[in-house]
Amino acid sequence: MTGGSVFSGHFPRLILCTILLSWALAACAIIPPLLTSVEPLPTLVPTLAILPNPPTPPLTPTATVATATSEATATAVPPTATPTDTPLPTATAVPSYHLALDPNQPQGYLSQFRLVAFYGSPSGPGLGILGELPRDQMHAQLLATVAEYESLSDRPILPAYHLVTTVADPYPPNYSHHASIELIEQWVAEAKERETAVILDIQPGYADLMTEFGRVEHLLYEPHVHLAIDPEFTMEGGEIPGVNIGQLYATQINQIQAQLNEIGAQIGLNRVLILHQFLPSMLPDKASIEAYPFVEIVIDGDGVGPAGVKIYNYTTYANEPAFEFGGFKLFPTDGDYPVLTPTEVMNLAPQPVLIIYQ
């Protein structure tokens, strides 16, 4: 699940029982999440959904899978590896994204590169690993993580900053707030100097999605900048971020794609659109998501929980409509058990072209 300040505490028993009963009756729900609870803070945003094990999921042979337990008795296994275990490199050279662009023949992006990203807020700690450290130290740690994947990849790997630009929160009227556009622009400019990709993430709450897109649209003309939308925090009908799981419909996705498609055609390089998912209900009409020639869609297997569930979700999405490229998110300190190693991540089929550490 995507970033935010951690909600702590527990739901009242009546609310929890009601929510669990409604999930049990939802025929389309393959894997019900355990809801995060809300304890409002000035900049609160929910950060994770815990995923229970599905019944006998198909597992990748090389991946380690946690034994299924009930929520009441489950004990998380401490991660065996985190992105900080590898010594920080002294060199900062990475493959260049500076391409010879031809507006008449837009180039593929993810067919050329794989991205390893740190997720978080440009404003500081609370949303994920990206904001937890001073920027130079964070970047050095990101390069160390990239290095763990280089020998496993069939294409050059670019480090990436996954920046949450519109942040969901539990407060009306929009149930979201903005990171400073000036600060985002600083990060984008610095990333360009460091030959690092940038993913701009939108958690709209009740804000108009196209309006939120408009805030960052000018940055998407930069070859190294791409877009992500979080259906979990795209709310409707009285839903509240952190209490309810939102949904994003094909009509909304296609509107965004049409704009990205124009940008890709103009700059001569395909644009990437990442859609986070850990429940079927988050993207309820995938079959109606259209294909645009200059847009590459990544379905990112999101959510916190046992390795077996995360693998099951990813392989399920890979066989559903709209899947073009795969993404996989890892939570080294927030509840994945166990945390998949780079080798295990790259043994997924198909191999993810986007690996996100939150």
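It should be emphasised that the depicted structure is a prediction, and the values quoted were computed from it without experimental measurement.

A.B. asks: Help me understand the packing of helix α4 (residues 209-216) against helix α5 (residues 250-267), please; the structure alone is not making it clear to me.
C.D. replies: For any two helices packed against each other, the geometry is given by the interaxial angle and the distance between the axes. One way to put it is that α4 packs onto α5 with a least axis distance of 10 Å and a crossing angle of 25°. Between α4 and α5, the interaxial angle falls into the category roughly parallel. The two elements α4 and α5 meet at a crossing, and its hand is right-handed. Between α4 and α5, the residues in contact are Leu209, Met210 and Phe213 and Gln252, Gln255, Ile256, Gln259 and Leu260, respectively.

A.B. asks: Hey, could you run me through the pairing of strand β8 (residues 325-330) in this one?
C.D. replies: Two faces belong to every sheet, and in a regular strand the side chains alternate between them. Burial runs high along β8: 6 of the 6 residues are buried. Side chains of β8 alternate between two faces, with Phe325, Gly327 and Lys329 and Gly326, Phe328 and Leu330 buried alike. Here strand β7 (residues 295-301) pairs with β8 via 4 bridges, running parallel. Within the sheet, the bridge partner assigned to Asp300 lies in β8 and is Gly327. Taking the sense of rotation as the criterion, the β-α-β connection linking β7, helix α6 (residues 307-318) and β8 turns out right-handed. Here 4 bridges tie β8 to strand β9 (residues 354-357), and the two strands are oriented parallel to one another.

A.B. asks: Help me understand α6, please; the structure alone is not making it clear to me.
C.D. replies: Each α-helix turn comprises 3.6 residues. Residues three or four places apart therefore point the same way. The end-to-end C-alpha separation of α6 is 17 Å, in line with the 16 Å expected for 12 residues at 1.5 Å each. When you tally the buried positions in α6, you get 11 out of 12 residues, the bulk of the element. Ala307, Gly308, Val309, Lys310, Ile311, Tyr312, Asn313, Tyr314, Thr315, Thr316 and Tyr317 are the residues of α6 that are buried. Residues of α6 that are buried sit in contact with β6 (271-277), β7 and β8.

A.B. asks: I would appreciate a short explanation of the pairing of β6 in the present structure.
C.D. replies: With respect to burial, β6 is a largely interior element, 7 of its 7 residues being buried. Residues Arg271, Leu273, Leu275 and Gln277 line one face of β6 and the alternating positions Val272, Ile274 and His276 line the opposite face, and both faces are buried. As judged from the 3 bridges shared by strand β5 (residues 225-229) and β6, these two strands associate in the parallel manner. Paired with Ala228 across the bridge in β6 is Ile274. Once you follow β5 into α5 and on to β6, the crossover reads as right-handed. Bridge analysis of β6 against β7 gives 7 bridges, and the strand direction is parallel. Bridged to Gln277 within β7 is Gly301.

A.B. asks: How do you make sense of the confidence of the model for the protein when you look at a structure like this?
C.D. replies: For the protein, the mean per-residue pLDDT works out to 78, and 71% of the residues sit at or above 70. Note on residues 1-48: pLDDT is under 50 here. Beyond four places in sequence and across chains, it has 127 contacts. When the criterion is pLDDT under 50, residues 52-95 qualifies, and its contacts beyond four places in sequence or with other chains add up to 74 contacts.

A.B. asks: Before we go on, may I ask you to explain the nonpolar core in this structure?
C.D. replies: Generally speaking, nonpolar side chains in soluble globular proteins are found buried as a group. Tyr109, Leu115, Tyr149, Leu200, Leu227, Leu273 and Leu275 are the most contacted members of the largest nonpolar core, which has 78 residues in total. Per-element tally for this core: the top contributor is strand β2 (residues 157-168), with 7 residues. Sequence-distant contacts of Leu275, defined by excluding residues within four places in its chain, comprise Ile229, Leu248, Ile253, Leu283, Ile289, Ile297, Val298, Ile299 and Asp300.

A.B. asks: What exactly am I supposed to notice about unusual backbone geometry here?
C.D. replies: Negative phi is the rule for most residues except glycine; trans is the rule for most peptide bonds. With an omega of 5°, the peptide bond running from Pro172 to Pro173 counts as cis. Geometrically, the link from Ala349 to Pro350 is a cis peptide bond, its omega value of -5° lying close to zero. Inspection of the secondary structure puts Pro350 in the loop between α7 (342-346) and β9. Even without being glycine, Tyr175 reaches a positive phi, approximately 55°. Note that Tyr175 resides in the loop between β2 and β3 (176-178). You will see that Glu195, though not glycine, has its phi angle at about 50°, which is positive. Its location among the elements puts Glu195 in the loop between α3 (181-193) and β4 (197-202).

Reading the values: rules and limits
- Residue numbers restart at each chain and count upward from 1, following the sequence in its written direction.
- In keeping with the predicted nature of the model, local features appear solely for residues at pLDDT of at least 70, side-chain atom pairs appear and are counted solely at 80 or more, and the whole-chain, interface and lining totals rest on all residues.
- With hydrogens and water excluded, all non-hydrogen atoms of the structure serve as input to the side-chain values.
- Lines fitted to C-alpha atoms define the axes, with helix axes restricted to the stretch in contact, and inter-axis angles between N-to-C directions lie between 0 and 180 degrees.
- Numbered from the N terminus, helices here are DSSP runs of H or I no shorter than four residues, and strands are runs of E no shorter than two.
- Angles are sorted into four bins: roughly parallel if under 35 degrees, roughly antiparallel if over 145, roughly perpendicular if 65 to 115, and oblique for all others.
- Left-handed describes a crossing whose near helix is turned anticlockwise from the far helix through less than a right angle; right-handed describes the clockwise counterpart.
- Only heavy atoms enter the contact rule, under which two residues are in contact if any of them lie within 4.5 Å.
- Exposure is judged per residue with a 1.4 Å probe applied to protein chains only, and the accessible area is read against the type maximum: over 50% gives exposed, under 20% gives buried, and values in between give partly exposed.
- If DSSP finds at least two bridges between two strands, the strands pair.
- Whether a crossover is right-handed comes down to one check: with the strands pointing away from the viewer, does the path from the first strand over the helix to the second run clockwise; if it does, it is right-handed.
- To estimate the expected span of a helix, count its residues, drop one, and scale the result by 1.5 Å.
- A residue's pLDDT is the confidence the predictor assigns to it, expressed on a 0 to 100 scale.
- The nonpolar core is taken to be a set of buried Ala, Val, Leu, Ile, Met, Phe, Trp, Tyr and Cys residues, with the residues joined through side-chain atoms within 4.5 Å.

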